Amino acid sequence: MQTTLRSDVQFDGTGLHLGEAACLVVRPAPADHGIVFRRVDLPGRPCIPALWDRVIVAPLNTRIETADGISVSTIEHLMAALAGCGIHNALIDVDGPEVPILDGSSAAFVSGFLQTGLRRLDAPLRVIEVKKPVTVEVGTATARLDPADGLSISFEIAFEDAAIGHQRKTLSLANGAFGRELCDCRTFCRASDVAAMREKGLALGGTYDNAVVVDGDTILTPGGLRRADEAVRHKMLDALGDLYTAGAPILGAYSGLRAGHAVTNALLRALFARPDAWAWKTCDPATAARLPGVGLTLADLPAVA
């Protein structure tokens, strides 16, 4: 069965990249509505479906855009929370061009959704079943989807900064694992990157409260890391959010090597360009039980949430 929220959930925060305060309200939506963003600050309140073919390649985040250039950026953490909580339909009102970054993770979104509660809709849920392997390579980055009976994510990163270094992790997203294992993991960047962005007028609203900042072997963010491998876990969180722009849950095994938002979007484009590589599948109870969000409760969330 498809799900939505029981009532509105509101979030306030600051945009990491644009430096603008924003208010965001996630509202319940009917069956087959999907995930749609609405720019309530603009005339006519234009809507943008959160779909792979609306994604514009950006270096630091996932941005969706209409044909006439109206956009919403940094949707990936919210999309990961929706996917990880098993929310299939929502109307998201935002009063600016960027989703609030909050603490740089999905924790507040997940907590807000679970406190509000979910509502089952009287409509069958369809998922996207990966039928054949699909791979994309962009420079030194690779992303791949393989057939599987649930969703799993495997990710590997390697940075010169010793505070991050080489990290690798694989996780099944069944049984509420997103809430327990990934949702509290924050975005990260190097101090040199922050300085370069600010020279260009970006990241003006960014602070140590909404990102993990590293400099060589030093964690500059007060309190340090929430998990020793927080960086790779956050990349897995990003991948889940980007995969949810497929328009439905995916049954497949995702693996990424140094992959970012643009690479995962390229993977979805490659998947949908091959009709033999995927198919719609109506969920039976056994399939539904393996989807992200099933069984997740507030008690599963890390204390930070």
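Read on for a plain summary of the structure.

Conventions adopted
- In every chain, residue numbers begin from 1 and rise along the written sequence.
- It should be noted that, the model being predicted, local features are given only for residues of pLDDT at least 70 and side-chain atom pairs only at 80 or more, the latter also being counted only at that level, while totals for whole chains, interfaces and linings use all residues.
- Water and hydrogen atoms play no part in the side-chain values, which are based on all heavy atoms of the structure.
- Pairing between strands is defined by DSSP: at least two bridges between the two strands are required.
- Only DSSP runs of H or I covering at least 4 residues are called helices, and only runs of E covering at least 2 are called strands; the numbering of each starts at the N terminus.
- When a residue's accessible area, from a 1.4 Å probe over protein chains only, is under 20% of the maximum for its type it is buried; when over 50% it is exposed; and in between it is partly exposed.
- The contact definition used throughout considers only heavy atoms, calling two residues in contact when any of these lie within 4.5 Å.
- In what follows, salt bridge is the name for a side-chain nitrogen of Lys or Arg lying within 4 Å of a carboxyl oxygen of Asp or Glu.

1. What about the sheet that holds strand β8 (residues 71-73)?
So, step 1. The three strands are arranged β6-β7-β8 in an open sheet whose pairing can be described as antiparallel. Two strands bound the open sheet, and with one partner strand each, they are β6 (55-56) and β8.
So, step 2. Inspection of the sheet shows strand β7 (residues 63-65) paired to β8 by three bridges, in the antiparallel sense. From the neighbouring strand, arginine 63 faces β8, where its bridge partner is serine 73.

2. A short note on unusual backbone geometry
So, step 1. Residues other than glycine seldom take positive phi values, yet arginine 45 does so here, at roughly 45°.
So, step 2. Checked against the element boundaries, arginine 45 lands in the loop between β4 (35-39) and β5 (47-49).
So, step 3. Here arginine 45 falls in the partly exposed class, since its relative accessible area comes to 41%.
So, step 4. Positive phi values are uncommon outside glycine, yet leucine 102 reaches one of about 55°.

3. Considerations on the side chain of aspartate 161
So, step 1. Position of aspartate 161 relative to the elements: it lies in the loop between β14 (151-158) and β15 (166-172).
So, step 2. Aspartate 161 gets classed as buried once you look at its relative accessible area, which sits at 10%.
So, step 3. Non-local contacts of aspartate 161, meaning those with residues more than four positions away in its chain, are made with Arg190, Val214, Asp215 and Gly216.

4. Quick word on the pattern of salt bridges
So, step 1. This structure, assessed with the given rule, holds 14 salt bridges.
So, step 2. As a salt-bridge pair, aspartate 103 and arginine 226 come within 3.0 Å of each other at their nearest N and O atoms. Here the residue aspartate 103 occupies a position in the loop between β9 (90-94) and α2 (107-116), and arginine 226 occupies one in the loop between β18 (218-219) and α5 (230-243), the gap between them amounting to 123 residues.
So, step 3. Take arginine 226: its relative accessible area is 30%, and that puts it in the partly exposed class.
So, step 4. One salt bridge connects aspartate 184 with arginine 227, and the closest N-O pair in it is separated by 3.1 Å. A residue pair is termed long-range when its members are at least 10 positions apart, and aspartate 184 in the loop between α3 (177-182) and β16 (188-190) and arginine 227 in the loop between β18 and α5 qualify at 43 residues.

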